[in-house]
Amino acid sequence: MKAHLAVLPGDGIGPEVVAEALACLQAVAARHGHDFRFDEAPVGACAMDATGAPLPPATLALAKRADAILFGAIGAPKYSDPSLMVRPELAILQLRRELGLYANLRPATCFRAVLDASPLRPELLEGVDILVIRELTGGIYFGEKTRTETSASDLCVYTVPEVERIVRLGGRLARGRRGKLTSVDKANVLETSRLWRSVVSRVAAAEFADVALDHMYIDAATMHLLRRPADFDVVITENMFGDILTDEASMLPGSLGLCPSASLGDGTRGLYEPIHGSAPDIAGRGIANPYATILSAALLLRHSLGLEREAQAIEAAVVGALESGVRTADLRPTGTAATTREAGAAVLARL
Ligand code: IPM
Ligand code: MG
């Protein structure tokens, strides 16, 4: 098939890990006879340096034209002052919003070969395979903000349709997995959560009677995620809770460097990025873990291009690389750590 892919490597380790994922996509295209065209554009701190804006209009236009977007990471120490009005992070928020990417799929899958990389005991991690679906374009992230000398506020708003589309996606995906759906909220305190819970219950009862639904408060969920992670299948939650819960969930596989993500909207166009950041402390040293970005490329093949066989080939190649002991520094290698290139090459060799 023919596909046009926007490549936005961004800052820090972004370009290093994206290069490895691109090589994998090229290999898949060659092997399976696809014609992928790649167009690269600046985003984040590097775009601010070049144009003043974290998401230049040309970059947004490219993202809108493309069939899918492969994204690296953004952020740089020189722009890390949280009081700055324009920050690199704005670019990813604008992209999500402008492209209508309201559902963020964040799988946390434990790979048997690296169970010891997790801070949790291996017996807790056996068979852990969680898919968190984080609502991505609503809630407190995008509500009205105010600021005076002495006070500040962030408004959190959810509408019924915004919740309905997340439950439906969660229900459909749960059906294809272990048939369990956990909705996470704070309905004992927040009105938005009470709305969330009632919509989830109604839609699940009417349309997903075959899916086992339970509700959990966010505070309890953070605890159960560590105490009995194997019990979770698909988790749906609002934007801010999902942001926090997925960083926590990344410690089940053992590293942010193993966690890919897909941000999807109504059509097939999606944005694919590792959930880790730009890691300026290790940028330019060639030691970042590229697996999360490579696994994000697999999600791109699956969700935007419908190439399931090719997606599985990449995922199997990553598992193979891990099983043969190719570990970057974040995975607590027993011997010497693999470099970014070596980890990428180990995946490529298996494609
Ligand atoms: C993430 C990040 C972003 C978020 C930041 C960079 C704005 O933490 O993708 O999880 O909070 O959504
Ligand atoms: Mg986050």
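In this report, we go over the structure that sits alongside the text.

Basis of the calculations
Residues numbered from 1 in each chain as written. Chains lettered and ligands numbered in written order. Predicted model: local features only at pLDDT ≥ 70, side-chain atom pairs only at ≥ 80, totals over all residues. Heavy atoms only, no water. Buried < 20%, exposed > 50% of the residue type's maximum accessible area, 1.4 Å probe, protein only. Helix = DSSP H or I, 4+ residues; strand = E, 2+ residues; numbered from the N terminus. Pairing = 2+ DSSP bridges. Phe/Tyr/Trp six-rings, centres within 6.5 Å; stacked < 30°, edge-to-face > 60°. Lys NZ or Arg CZ within 6 Å of the ring centre and 35° of its normal. Arc of directions from axis to C-beta. Near = heavy atom within 4 Å. Polar contact = N/O pair within 3.5 Å; in protein donor to acceptor, adjacent residues only side chain to side chain. Areas by Shrake-Rupley, 256 points an atom, 1.4 Å probe, with all protein chains shown as cover. Core = buried A, V, L, I, M, F, W, Y, C linked by side-chain atoms within 4.5 Å. Domains from an automatic or database assignment. Contact = heavy atoms within 4.5 Å.

Quick look at the pairing of strand β5 (residues 129-135)
The buried count for β5 comes to 6 of 7 residues, which makes it a mostly enclosed element. Taken together, the 7 bridges between strand β4 (residues 103-109) and β5 define a ladder with antiparallel strand orientation. Bridge pairing links Leu-105 to Ile-133 in β5. Pairing of β5 with strand β10 (residues 234-237), which is carried by 4 bridges, proceeds in the parallel orientation. Residue pairing in the sheet places Val-132 in a bridge with Val-235 of β10.

A word on the packing of aromatic side chains
Inspection of every chain in the model, using the stated rule, returns 2 aromatic pairs. Both rings, one in Phe-36 and one in Phe-38, keep their centres 6.4 Å apart while their planes meet at 90 degrees; by these two values the pair is edge-to-face. By relative accessible area, which is 9% here, Phe-36 ends up buried. A centroid spacing of 5.7 Å and a plane angle of 75 degrees characterise the contact between Tyr-158 and Trp-196, whose relative ring orientation is edge-to-face. A residue pair is termed long-range when its members are at least 10 positions apart, and Tyr-158 in the loop between β7 (152-154) and α6 (160-175) and Trp-196 in helix α7 (residues 191-207) qualify at 38 residues. For the residue pair Tyr-158 and Trp-196, the accessibility class agrees, reading buried in each case. The ring centre of Tyr-141 lies 5.2 Å from the NZ or CZ of Arg-134, which sits over that ring. The residue whose ring lies beneath Arg-165 is Tyr-102, and the NZ or CZ to ring-centre distance is 3.8 Å.

Structural notes on helix α3 (residues 57-65)
Residues that lie three or four places apart on an α-helix share one face, since the helix turns once every 3.6 residues. Where α3 is concerned, the buried positions are Thr-59, Leu-60, Leu-62 and Ala-63. What you see down the axis of α3 is that its buried residues fit within an arc of 160 degrees, all on one side. Exposed side chains of α3 directed beyond 90 degrees from the buried face belong to Pro-57, Ala-58 and Arg-65.

Overview of the site of ligand 1
Lining the immediate surroundings of ligand 1 are Glu-89, Arg-96, Arg-106, Arg-134, Tyr-141 and Asp-243. Between ligand 1 and Arg-96 there is a distance of 2.7 Å, counted from an oxygen atom to a side-chain nitrogen or oxygen. Within the side chain of Asp-243, a nitrogen or oxygen atom sits 2.9 Å from an oxygen atom of ligand 1. Taken by itself ligand 1 offers 320 Å² of open surface, and the protein chains cover 73% of this.

A closer look at the nonpolar core
Grouped together as the largest cluster of nonpolar side chains are 63 residues, with contacts concentrated most on Ile-133, Tyr-291, Leu-301 and Val-347. No other element matches the 8 residues that helix α10 (residues 291-303) contributes to this core. There are two domains that each give this core at least three residues, and those are domain 1 (1-101 + 256-351) and domain 2 (129-251). Each residue touching Val-347, except ones within four places of it in the same chain, is listed here: Cys-24, Tyr-291, Ile-294, Ala-317, Val-318 and Ala-321. Ala-108, Leu-120, Leu-225 and Leu-252 belong to the second largest nonpolar core, which has 19 residues in total.

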